[in-house]
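# A closer look at the structure
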Amino acid sequence: ESDKPLNDVGVHRKMGRIRYFDEHSGSYGPWKDILGGQVGETEKTTTITLNLSRGGTLRILCNILPDNKRKDLSRAMHDCKLYRQYSLSRNDRLNFVGFQEPRSHVLLSSRVKATFDDDEAPNDERRHQPGYAYHGIKMKALPINLVPEVA
């Protein structure tokens, strides 16, 4: 069921799933499968481009890794315990609404030293650590060698 017919020639691999936020209803819509890269195809790299509802795009490169590497990487990320899920809140006129974001995040970087104690790192090093800030959410990168299959 994870593969759906593309045409008479073959089937696409399920690359992931996505939900779009509906501003009008104030909630997320149904999950939609992201399909791409024909099953069994190893040499042709295809690109899927998704337009995001609040601007921007998400680009997925299919078949960029050999099948065995893709499986090892998928298993490692599935077993990874470093993911973080954000809690979001908003004031809806009179009501305060809090909910868990429907996705989890992990940010890995080869430029981060393997220390978890910010007090041990010099101020200059902490200030230049890779990460991001988005709508009040901040996330620092973790050392990539914590998930060796990614490195």
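This one's a predicted model, so the numbers in the text were calculated from it and none came from an experiment.

The rules behind these values
Residues numbered from 1 in each chain as written. Predicted model: local features only at pLDDT ≥ 70, side-chain atom pairs only at ≥ 80, totals over all residues. Heavy atoms only, no water. Helix = DSSP H or I, 4+ residues; strand = E, 2+ residues; numbered from the N terminus. Expected span 1.5 Å × (residues − 1). Buried < 20%, exposed > 50% of the residue type's maximum accessible area, 1.4 Å probe, protein only. Arc of directions from axis to C-beta. 1 Å grid on protein atoms, 1.4 Å probe; cavity = no way out; pocket = protein on both sides within 12 Å on 5 of 7 lines; lining within 4 Å. Points joined across faces, edges and corners; volume = space filled by probe spheres on them. Pairing = 2+ DSSP bridges. Phe/Tyr/Trp six-rings, centres within 6.5 Å; stacked < 30°, edge-to-face > 60°.

This next bit is on helix 1 (residues 67-79). With 13 residues, helix 1 should reach 18 Å at 1.5 Å per residue; the first-to-last C-alpha distance of 18 Å fits that figure. Along helix 1, the residues classified as buried are Arg70, Ala76 and Met77. Down the axis of helix 1, the sector holding all buried residues measures 130°, keeping them to one side. Exposed residues pointing more than 90 degrees away from the buried face of helix 1 are listed as Asn68 and His78.

Where empty space is left becomes clear once a probe the size of a water molecule has been rolled over the atoms. As a volume, the largest pocket reaches approximately 2,300 Å³. In terms of lining, the largest pocket is formed by 50 residues, of which the most central are Arg17, Leu58, Arg103, Ser104 and His105. Of all the secondary structure elements, the ones that give two or more residues to the lining of the largest pocket are strand 2 (11-18), strand 7 (57-62), helix 1, strand 8 (84-92), strand 9 (95-105), strand 11 (131-134) and strand 12 (137-140). For the lining of the largest pocket, the leading source of residues is helix 1, giving seven residues.

We now examine the pairing of strand 11. Bridge count between strand 11 and strand 12: four bridges; the pairing is antiparallel. Following the sheet pairing, Gly131 is matched in strand 12 by Lys140.

In the structure shown here, the tally under the stated rule is one aromatic pair. Ring geometry for Phe21 versus Tyr28: centroids 4.9 Å apart, planes at 70°, classification edge-to-face. Accessibility expressed as a relative area gives 19% for Tyr28, which makes it buried.

Everything listed is a geometric property; what it means functionally is a separate question.
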